[in-house]
Amino acid sequence: MPQPIDTFAANLPAGTRATVLDGAEAGFDMRKSRLHGDYDNVDRLRKLAGDIKQHTLDHLDEYLEKAVGRMEQNGTQIHFATDSDDARKAVMGILRKANATRVVKSKSMATEEVHLNAYLEENGVACVETDLGEFIVQLDKDTPSHIIKPIMHKNRRQIAETFEKHGLGDYNTDPQTITRRARAHLRSRYMECDAGITGANFVSAESGRIVIVTNEGNARFCLAPAKIHIALVGIEKIVPSDRDLGLFLNLLGRSATGQQLTIYTEFISGPRRDSQPHGPEEMHVIFLDNGRSRTLATDCREILRCIRCGACQNVCPVYRQASGHAYRHVYGGPVGAVLSPLLAGEKFADYADLPKASSLCGACNEVCPVDIPIPDLLLKLRNKAHRENVPSPGALPMQPFAKMATHPSLWRLAMRGGAVANLIPDSVKLPVPGLGTWLQQRTLPEWRGGKFRNWMKHRNGKNS
Amino acid sequence: MSTVLDNVRSALAARKEKAPYPAWEDAEVVSTPKLAQGSLVDCFSANMKAVSGLVMHSVAEVEQFLAQGHHLHGYCAPELAEVIGTKLGAGITFSTDFDEACYDDYTFGITRATAAIAESGTIVLNDRDTSCRLGALTPWVHIAVVEAATIHRTLGAAIAALGDDPNTIWVTGPSKTADVEGILIQGVHGPGIQIALIV
Ligand code: SF4
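Quick caveat: nothing in here was measured; it's all calculated off a predicted structure. (Residues numbered from 1 in each chain as written. Chains lettered and ligands numbered in written order. Predicted model: local features only at pLDDT ≥ 70, side-chain atom pairs only at ≥ 80, totals over all residues. Heavy atoms only, no water.)

J.: Just to check I follow, could you spell out the site of the ligand for this structure?
T.: Residues and elements named next belong to chain A. All residues adjacent to the ligand are Cys 306, Ile 307, Arg 308, Cys 309, Gly 310, Cys 312, Val 335, Cys 368, Pro 369, Val 370, Ile 372 and Ile 374. In this structure the site holding the ligand corresponds to the largest cavity. Here the residues of the shell around the ligand are counted per class, giving 10 nonpolar, 1 polar and 1 charged. (Near = heavy atom within 4 Å. 1 Å grid on protein atoms, 1.4 Å probe; cavity = no way out; pocket = protein on both sides within 12 Å on 5 of 7 lines; lining within 4 Å. Sits in = over half its atoms within 2 Å of the grid points. Nonpolar A, V, L, I, M, F, W, Y, C, P; charged D, E, K, R; others polar.)

Given below as structure tokens:
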């Protein structure tokens, strides 16, 4: 039975598939040469980082409390959000209180997860994405398809069209021109902003510092003119101490983009001091749960070690063919196949097909900087779906079949009526949910149903 | 206490086995090939060049570079005006007061670095030592003045020295993106040219 993800992959335009494949392969190659060129103990480091994260998760209650205590001492205002709605309202509450209507944002998966931008717009806040890729995604009203490279699915011609459409110059496909135009356009947005919204890559419980990394310098730019800084941070981002940050930063840059270190690595432990003319006077951190504590209680808790490097996406043969959008959730690829159904909670069934979209080749585990046993977790989720009898999206409803199979008269009728199917052209959509999708990749053979029963009947007659 | 914390507590309540904190040595996380160049200044220089940064050793070198690139007006941190700013000839002018209304007029920014990291070719800017964040960010050329004695050997050492400044930023080369088809472009939002002037 094809799952929605298979159908998406099958229908992906060849150009997009090629763009995604190139991007993913390049990411994979850069990671490999940098990480293995710089270290001869890569597996030890991956295991170590995984163990530190697992330890933190197993004691998350203690570390979260410690982090919060330190942050408050540092003058950071702390908020908690149990779900997306909470998170959006918390952000809006802070902005309202400060009369802030112009916001610049630095790329953050947590804000994508809670669909923050649309909510802010609805509430009269102009919110501009500043990461080049996210800026283009926002112009296109699209969604990111990769954790690190949000527009991995777009080529330069599509971007040139977008810029032209939005008045950012004539059609021009030169990446340098595109980048310069975005630079010029976004500068005034930064300078006029009231608040800057970011995520965080890590939080040190020991010092209460949050760490934000960008290559473009956009988070730094958001946090220079802005008077208010709001960071939306998943509770799993905590590490025990500052010392741990060195290990994680070394692994993150190399795993994500094949850089020894991401270019701008900012350590923030509170609002600016008076001696510094630029930077937020108020710092807010919103700790986001949104299914994380529930995931922590499951036997798939290892997925919370994830540091969002995207390496598993780059290496995954399914991701490479299907692209991130096939996963229908902000987190695509192997990490998303595990995380999305778990974070979905009661809506687990909506994403129950994702854990099946893997050949369990194990490559994702091998590249993961925190050694998450992704294939094992995928199997556990498949079992969960099986145990709980969760129908996958796209699965054909089985009740009509069950009814027919247990009622001989209905069955006979269906067999006789089945021949009608031969008269329906392939292009006509059948009113059975899921069947249309299934048929997109298949043509039905001619109906020859009922013959077996006939044959059996006559055969029995002969024998008696 | 918050619901989130309560939820975390109850998620962990039934757990019997909890992973201990693993033992590890700082040396395990050091990339030794990155420190093979000899002195700290040499390692820093080699690694900074590897990320497309420029390393200079005299004001004259900076002056020549700025003049050649027609970067003729910029910002210079007040505490560096006498030792560096006023020594720049060749028609180069500077202001020690960053005027936000004219942020695009500054083609270079000269600010003080708190430290540097040899292992990664990184410049460390603490809020306390950076006269203003924008002066090191909006100009096309950023010149960070690094005292040789402040160079840390490793990332770990730089982290241990973070101290109590509420804001520290590590800068490892010029601002970059590879968002458009993976093609590397320098100078996205921050400087397109990152210079370390070692004194
Ligand atoms: S699961 Fe591992 S490899 Fe995948 S994004 Fe997370 S940290 Fe990276």
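J.: Just checking my understanding: could you explain helix 1 (residues 3-13) of chain B for this structure?
T.: Because each turn of an α-helix spans 3.6 residues, side chains separated by three or four positions in sequence point in the same direction. Considered for burial, the residues of helix 1 of chain B that qualify are Val 4, Leu 5, Val 8, Ala 11 and Leu 12 of chain B. When helix 1 of chain B is viewed along its axis, its buried side chains cluster within an angular range of 125° and face the same direction. With respect to the buried face of helix 1 of chain B, the exposed residues turned more than 90 degrees away are Ser 10 and Ala 13 of chain B. Summarising the contacts, the buried residues of helix 1 of chain B are in contact with helix 3 (42-58), helix 4 (60-73), strand 1 (77-81) and helix 13 (292-296) of chain A. The N-cap of helix 1 of chain B, judged by a side-chain oxygen 3.3 Å from the amide nitrogen of Val 4 of chain B a few residues on, is Ser 2 of chain B. (Buried < 20%, exposed > 50% of the residue type's maximum accessible area, 1.4 Å probe, protein only. Helix = DSSP H or I, 4+ residues; strand = E, 2+ residues; numbered from the N terminus. Arc of directions from axis to C-beta. Contact = heavy atoms within 4.5 Å. Polar contact = N/O pair within 3.5 Å; in protein donor to acceptor, adjacent residues only side chain to side chain.)

J.: Honestly, the sheet that holds strand 10 (residues 282-288) of chain A in this entry has me stumped. Any pointers?
T.: Across a sheet, paired strands are connected by hydrogen bonds in the backbone, their directions being either parallel or antiparallel. Residues and elements named next belong to chain A. Spatial ordering of the open sheet is given by 1-10-7-4-2-3, a layout of 6 strands whose pairing is parallel. One side of each edge strand has no neighbouring strand; the edge strands of this open sheet are strand 1 and strand 3 (126-129). Each strand axis lies, on average, 20° off the axis of its neighbour in the sheet, ignoring direction. The strands that helix 5 (residues 84-97) touches are strand 1, strand 2 (102-105), strand 4 (195-198), strand 7 (228-234) and strand 10; relative to strand 10, the one it contacts most, it runs at about 170°. (Pairing = 2+ DSSP bridges. Axes fitted to C-alpha atoms, helices over the stretch in contact; angles between N-to-C directions.)

J.: Teacher, can you tell me more about the packing of helix 4 of chain A against helix 1 of chain B here?
T.: The geometry of a pair of packed helices is captured by two quantities: the angle between their axes and the separation between those axes. The N-to-C vectors of helix 4 of chain A and helix 1 of chain B enclose an angle of 155°; their axes lie 9 Å apart at closest approach. By the angle between their directions, the pair helix 4 of chain A and helix 1 of chain B is classed as roughly antiparallel. Between helix 4 of chain A and helix 1 of chain B, the residues in contact are Leu 60, Asp 61, Leu 64 and Glu 65 of chain A and Val 4, Leu 5, Val 8, Arg 9 and Leu 12 of chain B, respectively. Counted by class, the contact of helix 4 of chain A with helix 1 of chain B contains 6 nonpolar, no polar and 3 charged residues. (Parallel < 35°, antiparallel > 145°, perpendicular 65-115°, else oblique.)

J.: Could you clarify how one ought to interpret the environment of Gln 313 of chain A in this entry?
T.: All names here are of chain A. Counting through the fold element by element, Gln 313 comes out in helix 14 (residues 311-315). Between the alpha carbons of Gln 313 and Gly 234 there is a distance of 20 Å; along the sequence they are 79 residues apart. The contacts of Gln 313, once residues within four sequence positions are left out, are His 146, Ile 147, Tyr 319, Gly 332, Gly 333 and Pro 334. Reaching out from Gln 313, the side chain makes a polar contact with the side chain of His 146 at a distance of 3.4 Å. Here the side chain of Gln 313 touches Ile 147 through a polar contact of 3.0 Å, landing on its backbone nitrogen.

J.: Please explain the interface of chain A and chain B as it appears in this structure.
T.: Think of interface size as the accessible area that goes away when the parts come together; that is how it is often given. In this complex, chain A contributes 90 residues to the contact, which on the side of chain B involves 77 residues. The interface formed by chain A and chain B includes 6 salt bridges. Taking the shortest distance from any N to any O, the salt bridge between Arg 15 of chain B and Asp 58 of chain A comes out at 2.7 Å. If you look at where chain A meets chain B, you find 46 residue pairs in polar contact (both at pLDDT 80 or more). The leading source of residues in the side of chain A that touches chain B is helix 10 (residues 175-191) of chain A, at 11 residues. A class-by-class count of the residues in the side of chain A that touches chain B yields 38 nonpolar, 26 polar and 26 charged. Bridge count for strand 9 (residues 264-268) of chain A against strand 9 (residues 167-171) of chain B is 5 bridges, and the pairing is antiparallel. Across the sheet, residue Tyr 264 of chain A finds its bridge partner in strand 9 of chain B, namely Val 171 of chain B. (Salt bridge = Lys/Arg side-chain N within 4 Å of Asp/Glu carboxyl O.)

J.: Would you explain the confidence of the model for chain A in this entry?
T.: In regions of low pLDDT, the predicted coordinates are not meant to be interpreted in detail. A residue-level look at chain A finds 85% of positions with pLDDT of 70 or above and a mean pLDDT of 88. Confidence drops under pLDDT 50 across residues 431-435 of chain A; counting only partners more than four residues distant or on other chains, this segment forms 7 contacts. (pLDDT = per-residue confidence, 0-100.)

J.: Would you mind showing me how to read unusual backbone geometry here?
T.: When glycine is set aside, most residues are seen to have a negative phi, and most peptide bonds are trans. All names here are of chain A. The phi angle at His 115 is positive, at roughly 50°, despite the residue not being glycine. You can see His 115 is positioned in the loop between helix 6 (109-113) and helix 7 (116-122). Overall, His 115 belongs to the exposed group, its relative accessible area being 53%. The backbone of Arg 328 shows a phi angle near 60°, a positive value even though the residue is not glycine. Position of Arg 328 relative to the elements: it lies in the loop between helix 15 (317-322) and helix 16 (333-344). For Arg 328, a relative accessible area of 34% corresponds to the partly exposed category.

J.: What should I look at first to understand the confidence of the model for chain B in this one?
T.: On average, chain B scores 95 in pLDDT, and the residues at 70 or more come to 99%. Interface scoring of the predicted complex returns ipTM 0.97; its pTM is 0.89.

J.: What am I meant to see in the pairing of strand 7 of chain A here?
T.: The side chains of a regular strand alternate, first on one face of the sheet and then on the other. All names here are of chain A. A large share of strand 7 lies buried, amounting to 7 of its 7 residues. Pairing analysis gives 4 bridges linking strand 4 to strand 7, with the strands arranged parallel. Within strand 7, the residue paired with Thr 198 across the bridge is Ala 231. Pairing analysis gives 7 bridges linking strand 7 to strand 10, with the strands arranged parallel. Looking at the pairing, Leu 232 lines up with Ile 286 of strand 10.

J.: Any chance you could explain the sheet that holds strand 6 (residues 210-214) of chain A here in plain terms?
T.: The strand order across the open sheet built from 8 strands is 8(A)-5(A)-6(A)-9(A)-9(B)-6(B)-5(B)-8(B), with neighbouring strands paired in mixed fashion. The strands lining the two open edges of the sheet, one partner per strand, are strand 8 (238-239) of chain A together with strand 8 (151-152) of chain B. Note that strand 5 (residues 202-204) of chain A and strand 8 of chain A share 2 bridges and pair parallel. From the neighbouring strand, Ser 204 of chain A faces strand 8 of chain A, where its bridge partner is Val 239 of chain A. In the packing of helix 12 (residues 242-257) of chain A onto the sheet, the strands contacted are strand 5, strand 6, strand 8 and strand 9 of chain A together with strand 9 of chain B, and the crossing angle to strand 5 of chain A comes to about 165°.

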